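Analysis of the macromolecular model
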Amino acid sequence: MKLGAFSNSLAVKDIRKSKAFYQKLGFTVFAGEIEKNYLIMKNGNALIGLFQGMFENNILTFNSGWDENANNLEEFDDVRTIQKHLKSEGVKLETETNETTSGPANFVVLDPDGNMILIDQHV
């Protein structure tokens, strides 16, 4: 199963302070709008999202259909295929996507410790 590009989506208190901190670690702004309280930052293949006021806890994010540069992949496992597989394995879904649709969609699962995992497809 191919989950796609991986990033950590961080719930931050002050996006400007967080941006400055991660820049000291070698990250540069890759996407997003600081005025809208979100940035995607990159260091090599490592991606982090900084989100102020959008959610309470950090989220592990996988973008099905994308590589780490947000380029569309020719071959990938559709989010609905991944969802069906996880359901067949008995994984409880917190949110589900409509399996009769195509294109962009997402769903959420929690790991055994309550960490949120977002499978988010943009293509």
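Placed above this text is the structure.
Described in the following lines is the structure provided in the data block. Please read these numbers as outputs of a predicted model, since none were measured by experiment.

1. Structural notes on the layout of surface pockets
In this structure, the largest pocket spans a volume of roughly 380 Å³. Lining the largest pocket are 20 residues, with Ile 40, Phe 51, Thr 61, Asn 63 and His 122 positioned closest to its centre. For the lining of the largest pocket, the class distribution of residues is eleven nonpolar, six polar and three charged.

2. Focus on the sheet that holds strand β7 (residues 105-110)
If you walk across this open sheet you meet the eight strands as β2-β3-β4-β1-β5-β8-β7-β6, and the pairing is mixed. The open sheet terminates on both sides in strands that have one partner only, identified here as β2 (28-33) and β6 (93-95). In this sheet, adjacent strand axes meet at a mean angle of 25 degrees when their direction is disregarded. In the sheet, strand β5 (residues 59-63) pairs with strand β8 (residues 116-121) via four bridges, with the strands oriented parallel. Among the inter-strand pairings, Thr 61 is bridged to a residue of β8, identified as Leu 118.

3. Some words on the pairing of β7
When β6 meets β7, the two strands line up antiparallel, connected through two bridges. Across the sheet, the residue bridging to Thr 95 is Val 108, located in β7. Here β7 runs beside β8; their pairing, made up of six bridges, is antiparallel. Bridge assignment links Val 109 to a residue of β8, and that residue is Ile 117. The hairpin formed by β7 and β8 contains five residues between the paired strands, and Gly 114 there has a positive phi angle of roughly 85 degrees.

4. Quick notes on the side chain of Ser 64
Assignment of secondary structure puts Ser 64 in the loop between β5 and α2 (79-88). Within the structure, the side chain of Ser 64 is placed 3.5 Å from the side chain of Gln 121, a separation counted as a polar contact. Contact partners of Ser 64, with chain neighbours within four places excluded, come to Leu 3, Gly 4, Phe 76, Asp 77, Asp 78, Val 79, Ile 82, Asp 120, Gln 121, His 122 and Val 123.

5. Quick look at the environment of Gly 4
Position of Gly 4 relative to the elements: it lies in the segment before β1 (5-12). Considered as a pair, Gly 4 and Trp 66 are 62 residues apart in the sequence and their alpha carbons are 5.7 Å apart. Once you skip the residues sitting within four places of it in the chain, Gly 4 turns out to touch Phe 62, Asn 63, Ser 64 and Trp 66.

6. Examining the side chain of Ser 9
Within the fold, Ser 9 resides in strand β1. Here the side chain of Ser 9 touches Thr 61 through a polar contact of 2.8 Å, side chain to side chain.

7. Thoughts on helix α1 (residues 15-24)
Listed as buried for α1 are Ile 15, Ser 18 and Tyr 22. What you see down the axis of α1 is that its buried residues fit within an arc of 60 degrees, all on one side. The outward face of α1, more than 90 degrees from its buried face, is lined by the exposed residues Arg 16, Lys 17 and Lys 24. Where α1 is buried, its residues touch β1, β3 (38-43) and β4 (46-52). Its side-chain oxygen placed 3.0 Å from the backbone nitrogen of Arg 16, Asp 14 serves as the N-cap of α1.

Rules behind the numbers
- Residues numbered from 1 in each chain as written.
- Predicted model: local features only at pLDDT ≥ 70, side-chain atom pairs only at ≥ 80, totals over all residues.
- Heavy atoms only, no water.
- 1 Å grid on protein atoms, 1.4 Å probe; cavity = no way out; pocket = protein on both sides within 12 Å on 5 of 7 lines; lining within 4 Å.
- Points joined across faces, edges and corners; volume = space filled by probe spheres on them.
- Nonpolar A, V, L, I, M, F, W, Y, C, P; charged D, E, K, R; others polar.
- Pairing = 2+ DSSP bridges.
- Helix = DSSP H or I, 4+ residues; strand = E, 2+ residues; numbered from the N terminus.
- Axes fitted to C-alpha atoms, helices over the stretch in contact; angles between N-to-C directions.
- Polar contact = N/O pair within 3.5 Å; in protein donor to acceptor, adjacent residues only side chain to side chain.
- Contact = heavy atoms within 4.5 Å.
- Buried < 20%, exposed > 50% of the residue type's maximum accessible area, 1.4 Å probe, protein only.
- Arc of directions from axis to C-beta.

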